[in-house]
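So you can see what is in the structure, the chains are spelled out below.
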Amino acid sequence: MLSHLVVGSSLYFGDSLFYAICFLLLLWIVKVLAWKPVTKMMQDRADKISSDIDSAEKSRTEAAGLVEQRQTALNASRGEAQTIVQNAKTNGQQQRDQIMAQAQTDAQTLKANAQKDIAQEREDALAGARNDVADLSIEIASKIIQRELNADDQKALIDSYIEGLGKHHES
């Protein structure tokens, strides 16, 4: 194919010009048919990669913002939960204190009522004993008046009085 170039030791100017024009024409055809689509494809690919990088950066920034929002919301929830627990503890302590105070008040009231009842029973028992002693004193005095007592009679009178008290309390 290129054998006619090698045959002669000299290169013809017309052939060289033809080859140069063919080469330039071929370069122009490659530029029009292949270079523009290839560079357009490469530019589109570069734009797509740039767009993907920008989109990924934007997504990462949004994700970081969402993580921060969630962390803030979580911290707020934790604070609110701690507040609720603290309020529950405080309310529980107040109720416990109120229940204890009420129980102590009730116990003191019961104790005071029991002491009043005991004092009343004691007064009633003392009044009954006074009445019994008064009745027995009158009885003894009437027996003494009916007769004069010597030491043996006085001892017998006291013994009968004690037996009377025993029978009186048994009934």
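Residues numbered from 1 in each chain as written. Predicted model: local features only at pLDDT ≥ 70, side-chain atom pairs only at ≥ 80, totals over all residues. Heavy atoms only, no water.

What follows covers the overall build of the protein. Summing up its helical and strand segments, the protein has 3 helices and 0 strands in all. Within the protein, the fraction of its 171 residues that count as buried is 2%. As presented, the protein carries roughly 15100 Å² of accessible surface, and 61% of it is formed by carbon and sulfur atoms. (Helix = DSSP H or I, 4+ residues; strand = E, 2+ residues; numbered from the N terminus. Buried < 20%, exposed > 50% of the residue type's maximum accessible area, 1.4 Å probe, protein only. Areas by Shrake-Rupley, 256 points an atom, 1.4 Å probe, with all protein chains shown as cover.)

With that settled, the discussion passes to the pattern of salt bridges. Scanning the entire structure with this criterion turns up 4 salt bridges. Arginine 60 is the partner of glutamate 57 in a salt bridge, and the nearest nitrogen-oxygen pair spans 2.6 Å. Taken together, the positions of glutamate 57 and arginine 60, both in helix α2 (residues 13-146) and 3 residues apart, correspond to about one turn of that helix. For arginine 96, the salt bridge goes to aspartate 97, with nearest N and O atoms at 3.6 Å. Of the residues examined, aspartate 97 reaches a relative accessible area of 39% and is grouped as partly exposed. (Salt bridge = Lys/Arg side-chain N within 4 Å of Asp/Glu carboxyl O.)

Now for the environment of valine 133. Tracing the backbone shows valine 133 in helix α2. It is 9.1 Å that separates the C-alpha atoms of valine 133 and leucine 165, two residues lying 32 residues apart in sequence.

On to the UniProt feature "transmembrane region" (unreviewed entry) in the protein. As annotated by UniProt and renumbered to match this structure, "transmembrane region" (unreviewed entry) occupies residues 16-35. End C-alpha to end C-alpha, residues 16-35 measures 26 Å, and it is 100% helix and 0% strand. (UniProt positions renumbered as here; feature names shortened; annotations may be inferred.)

A few words on a nonpolar patch on the surface. Together, Leu25, Trp28, Ile29, Val32 and Leu33 give the surface a local cluster of nonpolar side chains, amounting to about 500 Å² of exposed area. The residue valine 32 is located in helix α2 in this model. Since its relative accessible area comes to 36%, valine 32 is described here as partly exposed. (Patch = residues over 30% accessible without salt bridge, like charges linked within 9 Å, V, L, I, M, F, W, Y side chains within 5 Å.)

Right, let's get into a negative patch on the surface. Together, Asp117, Glu121, Glu123 and Asp124 line one region of the surface with negative charge. Tracing the sequence through the fold places aspartate 124 in helix α2. (Lys, Arg positive; Asp, Glu negative; His and termini not counted. Charge placed at Lys NZ, Arg CZ, Asp CG, Glu CD.)

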